[in-house]
Amino acid sequence: MENKTLDWEFYLQGFQDIHDCKALIFLFFLVLYIAALAGNTLIIAIVVTMANLHSPMYFFICNLSFGEIIFTSNIIPNVLGAVMTEDGTISVNGCFTQIFLFGCITVTECSLLTIMSYDRYLAICIPLQYYTLMDFKLCRKLSVGAWAGGFILSIASCSLIYNLTYCGPYIIDHYFCDFLLVLKLSCLDTTIIDLETQTFSVLVTMPSFIFVCFTYFCIIKAIIKIPSSTGKDKAISTCSSHLTVVSIYYGSLIAIYVAPKQGHSYNMNKILSLLYTTGTPISNPIIYSLRNKEMKKSFAKLIRWPFFNDENKVVRTK
């Protein structure tokens, strides 16, 4: 009964039963994928190019955008191929690679969002010591720690299910290889692994979410004490973008992986999954660019550079 070989495949049921809407679904995911890639790449290009954005906050935003590019590229191209060919098969190694990258980026982004909330706390609550406490040496260490933590924890979680015994049918009712759904395909009793997975999800998600809530409680208290309306508006604008992303990201993760599973249909899980597999990667560039005055000014400057900026005008005049 044991099947330790890797010569079989999983079948992603996904949206295969919606034949009449195949072209519409393909176009929907294609537009989302292009928008996510273009938006996040543009953010990285703006931050790297513009010296006025070389600050800790934008450094972490770049890391977040890079993670979103990997995240969407891990899932959406496979969905596009499956929709067009109506072949939802994915190799075992391909499936576990998806699971690994999904877990790695999810943990990393949770860490980055937590770090970014701490960065906003220092900037607003302790502004005079901000650049002393949050220097670029610390930023690099925190960034490396976030990525290393995601890599290590994802390796640990994948190792729990990679060597399990699987018996057919190898059908996954989702559009990507979800850890919990793959686990259900095992022939063995996975009660302990289920418990470990639930505990792991809670330990990764809830402490960082609670920390973010605590820091923003302190931030709101500090904003209320700011005497000038201009100062309040500036503080609110710098925090509202991050808080919006946090709400979308943690809300969808908690709804699927932490909240009780009773009453959740597979279709509902697919809809909720869209929030963080496609919604968040697209919303990040929109939120961090359109709602950020510095980013908008830098984008306008990047478009004009090097032909129409003020420095070149001065040089030509001289």
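How each quantity is defined
- Residues numbered from 1 in each chain as written.
- Predicted model: local features only at pLDDT ≥ 70, side-chain atom pairs only at ≥ 80, totals over all residues.
- Heavy atoms only, no water.
- Buried < 20%, exposed > 50% of the residue type's maximum accessible area, 1.4 Å probe, protein only.
- Helix = DSSP H or I, 4+ residues; strand = E, 2+ residues; numbered from the N terminus.
- Pairing = 2+ DSSP bridges.
- Contact = heavy atoms within 4.5 Å.
- Axes fitted to C-alpha atoms, helices over the stretch in contact; angles between N-to-C directions.
- Disulfide = S-S within 2.5 Å.
- UniProt positions renumbered as here; feature names shortened; annotations may be inferred.

## Describing the pairing of strand β1 (residues 9-12)
Alright, step 1. Across the two faces of β1 the burial differs, with F10 and L12 buried and E9 and Y11 not buried at all.
Alright, step 2. Taken together, the three bridges between β1 and strand β2 (residues 89-91) define a ladder with antiparallel strand orientation. In the sheet register, F10 faces β2, and the bridge partner there is I90.
Alright, step 3. Of the strand pairs in this sheet, β1 and strand β3 (residues 171-172) are connected by two bridges, and their pairing is parallel. Bridge pairing in β3 places L12 opposite I172.

## Quick notes on the sheet that holds β3
Alright, step 1. Ordered in space as β2-β1-β3, the three strands form an open sheet in which the pairing is mixed. Strand pairing shows two members of the sheet lacking a second neighbour, β2 and β3, which therefore form its edges.
Alright, step 2. Taken strand by strand, helix α3 (residues 92-125) contacts β1, β2 and β3, and its axis lies near 85° from that of β2.

## Notes on the state of the cysteines
By definition, a disulfide links two cysteine residues through a covalent bond between their sulfur atoms.
Alright, step 1. For the structure on display, the rule yields one disulfide.
Alright, step 2. Between the sulfur atoms of C95 and its disulfide mate C177 the distance is 2.1 Å. Judged by the torsion about the S-S bond (-125°), the C95/C177 disulfide is left-handed. Taken together, the positions of C95 in helix α3 and C177 in the loop between β3 and α6 (179-183) put the pair 82 residues apart, joining distant regions of the chain. The residues C95 and C177 share a single accessibility class, namely buried.

## Focus on the UniProt feature "transmembrane region" (unreviewed entry) in the protein chain
Alright, step 1. UniProt's feature table lists "transmembrane region" (unreviewed entry) at residues 23-50, 57-76, 96-121, 142-162, 200-224, 236-259 and 271-290, given in the numbering used throughout.
Alright, step 2. The span residues 23-50 is 96% helical and 0% strand by assignment, and the distance between its end C-alpha atoms comes to 40 Å.
Alright, step 3. What you have in residues 200-224 is 100% helix and 0% strand, and the ends, taken at the C-alpha atoms, are 37 Å apart.

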